[in-house]
Amino acid sequence: MSDTVTTEVPVYAGVAELRRIARELLDAGDVRVIIGWEHARRGARPVFITDAADADRLIFDARCVHNLVTYLNPRRDNVAELGKIGLVVKGCDAKAVAGLLREAQLTRDDVVLIGVRCGGVLEEAELPRAAPLGPENVAPRCFGCDNREPELVDHLLGESQPEPPRPLTTIDERVAALDAQPLEKRWAFWTEQFGRCVRCYACRQVCPLCVCERCVAEKSRPQWIEASPHPRGNLSWNITRALHLAGRCVDCGECERFCPVGIPLSLVNRKLQQIVAERYDYAVSDDPEHAAPIGDYRLDDKQEFIK
Amino acid sequence: MTSADPTRGTYFITEDDLRALTGELLGAGTEVIAPVALDVCASPSAIASSACLRPGVKPIDIEYRALESAAQLNLGSGLPVLSLKQYFLPEYEALCCWRQHGTEIEIEAVPTEFAPRVVLAAKPCDSAALAVVDKVMNWDYADELWNGRREATTIVNLACPVVDESCFCTAVGTAPDDAKGADALLTPVEGGFLMEATTDKGRALVEAHAARFTAEEGAGGAGARGRQAAEERAAARARAAANLEIDAASVRDWIDTHFEDPLLAALGVRCNGCGACSSVCPTCHCFDIVDEEEGIGKGTRRRCWDTCQAPTFTLHASGHNPRDSQNPRYRQRINHKFAIYPLKFGEVLCTGCGRCTRVCHAGQDLVEILQAIDIAARRREAVSP
């Protein structure tokens, strides 16, 4: 079914190569499972290919929004037990792999990385076919992407892609619009946004870098974060989540996409990225040797805020 | 205009009269909960929504809300993002408050009686879910908060034209024109709505606003409007059935006897375990109870929504977790809904609203999963003597 649909729609070059490499890796026993994307009833979604004969189910087009690195997360016992993974990654996803390597959650030999050259993705994966990218449908995070051809990979597929279009408003413009508001207005904005949180923790579950064995939100002795989804508990949960990702977040946008009540988490994440860039001159990359500020200490770290 | 005789079954009401009735209820201080179209682009979230910036149709969220005015009542076909569950089992609610005086503890109970309220234009899948959950809420313990809200609430359904390809109510024993769990059903017809009151509470609502209704000619709505309603309702049922047809009894028995089957045992591989499916589900009713301190020596015991998709749901104090990976956790979701609950209570714990499928960005698709189980179950039936 996927074949008939995907041949009619614009696909990134390299899909045939992707399927061939997947088949070869599985046939040779180099990996036991290829995690990539497929076309299903409601659109693109993650797929786990364990039989080389199924490799033709793999697709790559602008609906392949998902950051599949979440499946490398050490919490995922049921994925790990499938055996060695071959993972298809876009550049943003490769940054998350680097994050796991940097924090010793993974060793490089644990995974074969199949990189795809990316020209940006859509906001939504649940579409019957990929649409050409334009300002009105491109995922805003793709604008200005600095890693469209990941280096931390074993295979890099496809041809060089054009730059993603500029979205109607960029995330930076959205953050700036919010920053321009007085404190009370910003407080009112976030109080309302976090007020809607139902504490399903979808943001945490899908995050490739939320790797804690036991999340602070689940601790009851002492209880650091109130468990009920009332405004006070929601505020402490959302602030804790955001701060714990500061300088680690790779801007894959999955937390915001999975939020069932539509909290604009990309704005918090971007604000923290800006602060980390300004204070530590640090931007997340797919170089695992490039230590993140949260796990690094330097004598010249700015500390004037300590009074 | 002949006023309605509530001893008869079917009435006609114009949209104007339905809004006037809503206004009368609100005027009398009755809480009225109904679908409301929320202008996403007028809310602060618009800052993060490309859809609000692009030309053309702006996104609208439908949500059940306590109405502020009759004009807010949305009589369209959109499915509210969250089900009606939140008005019977709120996301969180206090069970009691405590205050410590030395070695004495003073407990303050919460009220379990509620003021009468009315739900208008409920989705049939949402009211049916309440009737299904009534069973467990009155099993070995009668849940006073649930029952108190159920008794205080009169629910009027609005027949649904079927929202999209993820709707499958007819496959799980309900229908887009069902009044299960509700007290009356509205069906859109030329010039207004046919209203059938199916319970005493529904009849009392008609009686209290008799001037707004006219008795429909022909018993059981056999007139022209009745025929129009019947045709549209049948067409909606056919649309739902085209999305998914399963034999729920075979599915139940197959799941019950195939716990270790690879089809059930490996369902959770793409699932992120986020539990968004449980949050939006009208029938998922599991809750956690937490004590939240508010200062020294006082606090509130609350219950809040929980999900079997979270590892902590089954984590024992010893550290052992009987459902220690997402595969058994996802199997539990399917098993509970389509085998355990039906075997215990005679009802499928799912009303086919499709919200879990629509909310899942990892692509877990209940329609596809039920289809696969149904095929496996039929195959088994075909070979067994």
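Residues numbered from 1 in each chain as written. Chains lettered and ligands numbered in written order. Predicted model: local features only at pLDDT ≥ 70, side-chain atom pairs only at ≥ 80, totals over all residues. Heavy atoms only, no water.

Our focus in this paragraph is the overall build of chain A. Within chain A, the regular secondary structure consists of 10 helices and 5 strands. For a compact globule of 307 residues, the expected C-alpha radius of gyration is about 19 Å, and chain A comes in at 20 Å, within 12% of that figure. The buried share of chain A, taken over its 307 residues, is 57%. Across chain A, every contact between residues at least 6 apart in sequence was considered, and the portion connecting residues at least 24 apart equals 74%. Charged side chains of chain A number 40 positive and 47 negative; the gap between the two group centres comes to 6 Å. (Helix = DSSP H or I, 4+ residues; strand = E, 2+ residues; numbered from the N terminus. Rg over C-alpha atoms; globule rule 2.2 N^0.38 Å. Buried < 20%, exposed > 50% of the residue type's maximum accessible area, 1.4 Å probe, protein only. Contact = heavy atoms within 4.5 Å. Lys, Arg positive; Asp, Glu negative; His and termini not counted. Charge placed at Lys NZ, Arg CZ, Asp CG, Glu CD.)

This brings us to the sheet that holds strand β5 (residues 155-157) of chain A. Residue and element names in this part refer to chain A. With mixed pairing, the 5 strands of this open sheet are ordered in space as β2-β1-β3-β4-β5. Each of the sheet's edge strands pairs with one partner strand only, and the pair in question is β2 (43-49) and β5. Between one strand and the next, the sheet's axes are offset by a mean angle of 30°, whatever the strand orientation. Sheet analysis places strand β1 (residues 33-40) next to strand β3 (residues 85-89), joined by 3 bridges and oriented parallel. Note on β3: the bridge partner recorded for Ile 35 is Leu 87. Sheet strands touched by helix α2 (residues 15-27): β1, β2, β3, β4 (111-116) and β5. Its angle to β5, the strand with the most contacts, is close to 155°. The strands that helix α4 (residues 91-102) touches are β1, β3 and β4; relative to β3, the one it contacts most, it runs at about 135°. (Pairing = 2+ DSSP bridges. Axes fitted to C-alpha atoms, helices over the stretch in contact; angles between N-to-C directions.)

Ranked by internal contacts, the top residues of the largest apolar core, which has 100 residues, are Ile 34, Ile 35, Leu 72, Leu 87 and Val 97 of chain A. When we break this core down by domain, the ones giving at least three residues each are domain 1 (2-157) and domain 2 (171-295) of chain A. Not counting residues within four places of it along the chain, the set of residues in contact with Leu 87 of chain A comprises Ile 35, Leu 68, Val 69, Leu 72, Val 111, Val 112, Leu 113 and Ile 114 of chain A. Formed by 26 residues, the second largest nonpolar core is a distinct cluster that contains Leu 267, Tyr 330, Leu 370 and Ala 376 of chain B. (Core = buried A, V, L, I, M, F, W, Y, C linked by side-chain atoms within 4.5 Å. Domains from an automatic or database assignment.)

Once that is clear, we can look at the packing of aromatic side chains. With the rule as written, the count across this model stands at 9 aromatic pairs over all chains. Summarising the aromatic geometry, the rings of Trp 139 of chain B and Phe 345 of chain B are spaced 5.8 Å apart at their centres and angled 85° between planes, so their arrangement reads as edge-to-face. Of this pair, Trp 139 of chain B sits in the loop between α2 (124-137) and α3 (144-152) while Phe 345 of chain B sits in helix α9 (residues 326-345), and the two are 206 residues apart along the sequence. For Trp 139 of chain B, a relative accessible area of 48% puts it in the partly exposed group. Ring centres of Tyr 341 of chain B and Phe 345 of chain B lie 4.6 Å apart, and the angle between their planes is 50°; this geometry places the pair in the tilted category. Linking Tyr 341 of chain B with Phe 345 of chain B, this pair stays in helix α9, spanning 4 residues, or about one helical turn. Residue Phe 345 of chain B is classed as buried on the basis of its relative accessible area of 15%. Chaining the aromatic ring pairs together yields one cluster made of Phe 189, Trp 190 and Phe 194 of chain A. Positioned above the aromatic ring of Tyr 201 of chain A is the side chain of Arg 204 of chain A, whose terminal nitrogen or guanidinium carbon lies 4.4 Å from the ring centre. (Phe/Tyr/Trp six-rings, centres within 6.5 Å; stacked < 30°, edge-to-face > 60°. Lys NZ or Arg CZ within 6 Å of the ring centre and 35° of its normal.)

All names here are of chain A. Their axes nearest at 11 Å, the elements helix α6 (residues 183-195) and helix α10 (residues 265-280) cross at an angle of 130°. Regarding the angle of α6 to α10, the classification is oblique. From α6, Phe 189, Trp 190 and Phe 194 reach across to α10, where they touch Leu 265, Leu 267 and Val 268. In terms of residue class, the contact of α6 with α10 is built from 6 nonpolar, no polar and no charged. (Parallel < 35°, antiparallel > 145°, perpendicular 65-115°, else oblique. Nonpolar A, V, L, I, M, F, W, Y, C, P; charged D, E, K, R; others polar.)

So, on to the interface of chain B and chain A. On the chain A side, the residues contacting the 45 residues of chain B number 52 residues. When chain B packs against chain A, the two sides together hide about 4,000 Å² of surface, and 51% of this comes from carbon and sulfur. The tally of links from chain B across to chain A stands at 3 salt bridges. For the salt bridge of Asp 365 of chain B with Arg 41 of chain A, the shortest nitrogen-to-oxygen distance reads 2.7 Å. The interface formed by chain B and chain A includes 20 residue pairs in polar contact (both at pLDDT 80 or more). Listed by contribution, the elements that provide at least two residues to the side of chain B that touches chain A are α8 (276-280), β11 (287-293), β12 (298-305), α9, α10 (355-359) and α11 (366-383) of chain B. By residue number, the principal contributor to the side of chain B that touches chain A is β11 of chain B, which donates 4 residues. Split by residue class, the side of chain B that touches chain A holds 16 nonpolar, 16 polar and 13 charged. (Buried area = accessible area lost by both parts, 1.4 Å probe. Salt bridge = Lys/Arg side-chain N within 4 Å of Asp/Glu carboxyl O. Polar contact = N/O pair within 3.5 Å; in protein donor to acceptor, adjacent residues only side chain to side chain.)

Attention shifts here to α10 of chain A. All names here are of chain A. In this model, α10 (16 residues) spans 22 Å end to end at C-alpha, consistent with the 22 Å of a helix rising 1.5 Å per residue. In this fold, the buried residues of α10 make contact with α5 (171-179), α6, α7 (202-206), α8 (231-244) and α9 (254-258). The positive-phi residue at the C-terminal boundary of α10 is Asp 281, with phi of around 50°. (Expected span 1.5 Å × (residues − 1).)

The next subject is the domain arrangement of chain A. Residues and elements named next belong to chain A. Domain annotation for chain A reports domain 1 (2-157) and domain 2 (171-295). The three residues of domain 1 that bury the most area against domain 2 are Arg 75, Arg 102 and Arg 141, which together make up 31% of that side's buried surface. Across the domain 1-domain 2 interface, the total number found is 1 salt bridge. We note a salt bridge from Glu 103 to Arg 248, for which the minimum N-O separation is 2.7 Å.

Further remarks concern helix α5 (residues 224-243) of chain B. Residue and element names in this part refer to chain B. For α5, built from 20 residues, the straight-helix expectation of 28 Å at 1.5 Å per residue is met to within 8% by its first-to-last C-alpha distance of 29 Å. Three or more residues of α5 are buried, namely Gly 226, Ala 229, Arg 233, Ala 236, Ala 240 and Asn 243. Seen from one end, α5 has its buried residues packed into an arc of 105°, which puts them on one side. Seen from the buried face of α5, the exposed residues on the opposite side, beyond 90 degrees, are Arg 227, Glu 231 and Ala 242. (Arc of directions from axis to C-beta.)

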